[in-house]
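Chain residues, written in single-letter form:
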Amino acid sequence: VETGKADLAITNLKPNPELFDYHILCSDPIVLAVPYDDKMRRRFPDWSGDPEHPLTVDFSSLEDGNLIVLHKKQNMRIAAETVCRNLSFTPHRVTESPSLASALSLVGSKRGMTFTCPSYVRCIRPNTPIIYFSTVEVQSVTDIVAVFRKDPSNTLVEKFCSCAARSLNYIVKTPSE
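Reading the values: rules and limits
- Residues numbered from 1 in each chain as written.
- Predicted model: local features only at pLDDT ≥ 70, side-chain atom pairs only at ≥ 80, totals over all residues.
- Heavy atoms only, no water.
- Pairing = 2+ DSSP bridges.
- Helix = DSSP H or I, 4+ residues; strand = E, 2+ residues; numbered from the N terminus.
- Axes fitted to C-alpha atoms, helices over the stretch in contact; angles between N-to-C directions.
- Buried < 20%, exposed > 50% of the residue type's maximum accessible area, 1.4 Å probe, protein only.
- Contact = heavy atoms within 4.5 Å.
- Disulfide = S-S within 2.5 Å.
- Core = buried A, V, L, I, M, F, W, Y, C linked by side-chain atoms within 4.5 Å.

## Some details on the sheet that holds strand β1 (residues 8-11)
Logical step 1: Taken in spatial order, the three strands make up an open sheet running β1-β8-β2, and their pairing is antiparallel. Pairing within the sheet leaves two strands with one partner each, and these edge strands are β1 and β2 (20-26). Pairwise comparison of adjacent strand axes, ignoring direction, gives a mean angle of 25° for this sheet.
Logical step 2: Here β1 pairs with strand β8 (residues 144-149) via four bridges, running antiparallel. By the bridge assignment, Thr11 is partnered in β8 with Val145.

## Notes on the environment of Ala103
Logical step 1: Mapping Ala103 onto the fold places it in helix α3 (residues 100-108).
Logical step 2: Note on Ala103: relative accessible area 0%, which makes it buried.
Logical step 3: Between the C-alpha atoms of Ala103 and Leu67, which are 36 residues apart in sequence, the distance is 9.4 Å.

## Brief notes about the environment of Phe44
Logical step 1: By secondary structure assignment, the location of Phe44 is in the loop between α1 (38-43) and β4 (66-70).
Logical step 2: Residue classification places Phe44 among the buried positions, given a relative accessible area of 16%.
Logical step 3: In sequence terms Phe44 and Asn66 are 22 residues apart; their C-alpha atoms lie 20 Å from each other.
Logical step 4: Aside from chain neighbours lying at most four places away, what touches Phe44 is Tyr36, Leu55, Thr56, Val57, Ile131 and Phe133.

## Overview of the state of the cysteines
Logical step 1: Tallied over the full model, the rule gives zero disulfides.
Logical step 2: The thiol sulfur of Cys84 is not disulfide-bonded, and the nearest other cysteine sulfur, from Cys117, lies at 14 Å.
Logical step 3: There is no disulfide at Cys163, and the cysteine sulfur nearest it, in Cys161, is 10 Å away.

## Regarding the nonpolar core
Logical step 1: One finds Leu32, Leu62, Phe115 and Phe133 to be the most contacted residues of the largest nonpolar core, which totals 36 residues.
Logical step 2: Counting ten residues, the second largest nonpolar core, distinct from the first, contains Cys26, Ala146, Val157 and Leu168.

## Section: the pairing of β8
Remember that side chains alternate between the two faces of the sheet whenever the strand is regular.
Logical step 1: Taking burial as the measure, the six residues of β8 include five buried ones, the bulk of the element.
Logical step 2: Of the strand pairs in this sheet, β2 and β8 are connected by six bridges, and their pairing is antiparallel. The residue of β8 that forms the bridge with Asp21 is Phe148.

The quantities given are spatial measurements derived from coordinates; they are silent on function.
Take a look at the structure:
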């Protein structure tokens, strides 16, 4: 889009508003995935295991854990850094992982916690018990958006966004549904 080779890009990174416009296609809120170990079972005994209905927690109570993040420049790493900054969440240890699947596998093996989205969890269906916490204040950081140049003459962008939003909202269910 920036070079003009494409009219539109779908991402979860909001663009520079001076250069581009964007349309939110659907919500896919970021959550913190934490091992559902004995400590968490005592604190949250009635947890259903549903990432679509994450619990609230004081993030400072989790700072002694290991945060697993993706490599720099990966979208979920950028989103995780935004959440940490906005919530003043500073885990004592940070580990890098090459992929979200690897990060969730490490969570499942009780090696730390990671940020993810419910739509991704539904795709991989982890077999290990994981508890999910809401990032209420900044959960929209991973909204799926269509990014395009500010050009009102391209009427296909609006039509595409409308169609894509309907399709994505069918595929990616929001927590309120």
